[in-house]
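Report on the structure
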Amino acid sequence: RGAAWIGQPIVLVGLMGAGKSTVGRRLATRLGLPFVDADTEIESAAGMSISDIFAQFGEAYFRDGERRVIQRLIDGRPKVIATGGGAFVNDETRALILSEALAIWLDAPVEVLAERVRRRDTRPLLRGRDPAAVLRDLAAVRNPLYALAHLRVASANAPHETTVRAILEALG
Ligand code: S3P
């Protein structure tokens, strides 16, 4: 797609553990753009952690707040935005991202994702469950939707730096 993305916000989507935040931060540095993590923005807007939002208000409430925060972040200014794994699964949020940003799917095998999230697991959807089983179920439902992103980049069991380079190459 050459340089057609220039000026558009870049939005990273994909399952938990795909590296959206780490890769997004590094990609932004390389492109000289600001980086924002939608999950962090949601937490500061709500004044509470994502786990607490889920526990006290439920997932539907979280999804609605998530959509509003992402809508606010996509303001026409170029930047890199990391989203939570479920953002792009929500029909309205996905439509918004697809129409106003360049969506990049960081795709990795479930076994790789499970290994990564095992190391740092504060996510409400994984609490007390086997991450590999949860991720397998989520992948079955979500991968066909992530596939609607403008670009798909493999984020395999390699250093995140490799993924950053793959994205930079794809951006041209
Ligand atoms: C979620 C992923 C999380 C966070 C919330 C729900 C999901 O973000 O938004 O726990 O539905 O996949 P990460 O993908 O950054 O872990």
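It should be emphasised that the depicted structure is a prediction, and the values quoted were computed from it without experimental measurement.

**Overview of the site of the ligand**
Near the ligand, the surroundings consist of M16, K20, D39, I50, G84, G85, G86, R123, P124 and L125. Of the residues that constitute the shell around the ligand, the class distribution is 4 nonpolar, 3 polar and 3 charged.

**Quick look at the sheet that holds strand β2 (residues 35-37)**
On the basis of which strands lie adjacent, the open sheet formed by 5 strands has the order β2-β3-β1-β4-β5 and parallel pairing. With partners counted over all chains shown, the strands left at the sheet margins are β2 and β5 (151-154), one partner each. When strand polarity is set aside, the average angle formed by the axes of neighbouring strands in this sheet is 25°.

**Considerations on the nonpolar core**
Counting 41 residues, the largest nonpolar core has V11, V13, A103, I104 and L113 as the members making the most contacts within it. Of the residues forming this core, the biggest block, 5 residues, is contributed by strand β4 (residues 102-107). Beyond its immediate stretch of four places on either side in the chain, V11 contacts I81, T83, I97, A101, L102 and A103.

**As for the environment of L27**
Looking at where L27 falls in the secondary structure, it is placed in helix α1 (residues 20-31). For the pair formed by L27 and V80, sequence separation is 53 residues and the distance between their alpha carbons is 7.5 Å. Look past the residues within four positions of L27 in its chain and what remains in contact with it is V80, V164 and I167.

**Brief notes about the UniProt feature "binding site: Mg(2+)" (unreviewed entry) in the protein**
According to UniProt, the feature "binding site: Mg(2+)" (unreviewed entry) maps to S21 in the numbering used here. Along the chain, S21 turns up in helix α1. Here S21 falls in the partly exposed class, since 18 other C-beta atoms lie within 10 Å of it. Excluding residues that lie within four positions of it along the chain, S21 makes contacts with D37 and A82.

**Thoughts on the pairing of β4**
Counting buried residues in β4 gives 6 out of 6 residues, a clear majority hidden from the surface. Residues of β4 alternate between two faces, with L102, I104 and L106 on one and A103, W105 and D107 on the opposite face, all of them buried. Where strand β1 (residues 10-13) lies against β4, 4 bridges are found, and the strand directions are parallel. Bridge pairing links V13 to W105 in β4.

**Describing the UniProt feature "binding site: substrate" (unreviewed entry) in the protein**
Here, UniProt's "binding site: substrate" (unreviewed entry) annotation points to D39, R63, G85 and R142. Relative to the elements of secondary structure, R63 occurs in helix α4 (residues 59-73). For R63, a count of 17 C-beta atoms within 10 Å puts it in the partly exposed group. Excluding anything up to four places from it in sequence, R63 contacts G86 and N90. Turning to its location among the elements, R142 is positioned in helix α7 (residues 131-146).

The rules behind the values
Residues numbered from 1 in each chain as written. Predicted model: local features only at pLDDT ≥ 70, side-chain atom pairs only at ≥ 80, totals over all residues. Near = placed C-beta within 6 Å. Nonpolar A, V, L, I, M, F, W, Y, C, P; charged D, E, K, R; others polar. Pairing = 2+ DSSP bridges. Helix = DSSP H or I, 4+ residues; strand = E, 2+ residues; numbered from the N terminus. Axes fitted to C-alpha atoms, helices over the stretch in contact; angles between N-to-C directions. Core = buried A, V, L, I, M, F, W, Y, C linked by C-beta atoms within 7 Å. Buried ≥ 20, exposed ≤ 12 C-beta atoms within 10 Å, placed from the backbone. Contact = placed C-beta atoms within 7 Å. UniProt positions renumbered as here; feature names shortened; annotations may be inferred.

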